[in-house]
Amino acid sequence: MYDCKAVNTPLLSKLDYIALNSDEKFDAPCRSLIGCLMYIMICTRPDFSVAVNISSRYSNKNNKELWQCLKRVLRYLKGSIEVRLNYVQCDYNDILVGYVDSDWGGSDSQDRKSTRGYLFKLFEQCTICWSTKRQHSVAASSTEAEYMALFEAVREALWLKSLAKSINISTSNPIIIYEDNNGCISIANNPTCHKRSKYIDIKYHFSREQVEKNIIKLNYIPTGDQIADVLTKSLPAVKFLEFRKKLSLE
């Protein structure tokens, strides 16, 4: 693949999930390549988190469609081999900010489980952690999917707050988390909003508790500016490249 033709995105806009789930074996080192890509993604390249996440779901299949998807990631890497995380000195208002999003219903029509993604920035510019994961259960609404994703982001925020404290970085102000779903923000901010959320697993109301304690503060952000969107699904090239830059990848 060293002389392959480069592409702008690591995933096609529409994936053939039926073909990905095929049991027809193909002689290619899919698992080995997924492991290599996962190492790169975890260390320095959040921009193809979704591609690695989706590919790893089908690592036991080792079929031709999976191999084609993995080769596309390599073609994307060929065209972005110089891209890396950049940390620059800058002015800031908040030491730690986060972005969280969920792709309600997912793209896979076979199970309809949502994919959630979150990322956190230090000093509003430096991306320091990110995560993409398929949720364990099917969400009944976009608000529920976002609320479930928020739970994971809040847990990460609390861990980062503890880490910052251990290295003498003061985070006395609430940690800002940007969310693009007003229903999710409403449930987290309003303890009396129980009729719409009573069916949601109790553990997810952990986020509401942190908001009440003023440890976390939720701010609305338009979907078009939600950076975490790039961690939940495949995006068109123009939007993907815009968000990649906002991830501090240049």
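Preceding this paragraph is the structure being described.
Residues numbered from 1 in each chain as written. Predicted model: local features only at pLDDT ≥ 70, side-chain atom pairs only at ≥ 80, totals over all residues. Heavy atoms only, no water.

Draft legend 1. Highlighting the side chain of Asp103. Looking at the secondary structure, you find Asp103 in strand S1 (residues 96-103). The side chain of Asp103 is buried and forms no salt bridge, while Lys233, the nearest opposite charge, is found at 4.6 Å. Beyond its immediate stretch of four places on either side in the chain, Asp103 contacts Ser114, Thr115, Thr232 and Lys233. (Helix = DSSP H or I, 4+ residues; strand = E, 2+ residues; numbered from the N terminus. Buried < 20%, exposed > 50% of the residue type's maximum accessible area, 1.4 Å probe, protein only. Lys, Arg positive; Asp, Glu negative; His and termini not counted. Salt bridge = Lys/Arg side-chain N within 4 Å of Asp/Glu carboxyl O. Contact = heavy atoms within 4.5 Å.)

Draft legend 2. Examining the sheet that holds S1 more closely. Read from one edge to the other, the open sheet built from five strands follows the order S3-S2-S1-S4-S5, with strand pairing classed as mixed. Two strands close off the open sheet at either side, each with one partner strand: strand S3 (126-134) and strand S5 (216-220). Each strand of the sheet is rotated relative to its neighbour by a mean of 20°, with strand direction disregarded. Pairing of S1 with strand S2 (residues 115-122), which is carried by eight bridges, proceeds in the antiparallel orientation. Looking at S2, one finds that Leu96 is bridged to Leu122. Along the sheet face, helix H5 (residues 142-166) touches S1, S2, S3, strand S4 (175-179) and S5 and points at about 155° away from the line of S1. (Pairing = 2+ DSSP bridges. Axes fitted to C-alpha atoms, helices over the stretch in contact; angles between N-to-C directions.)

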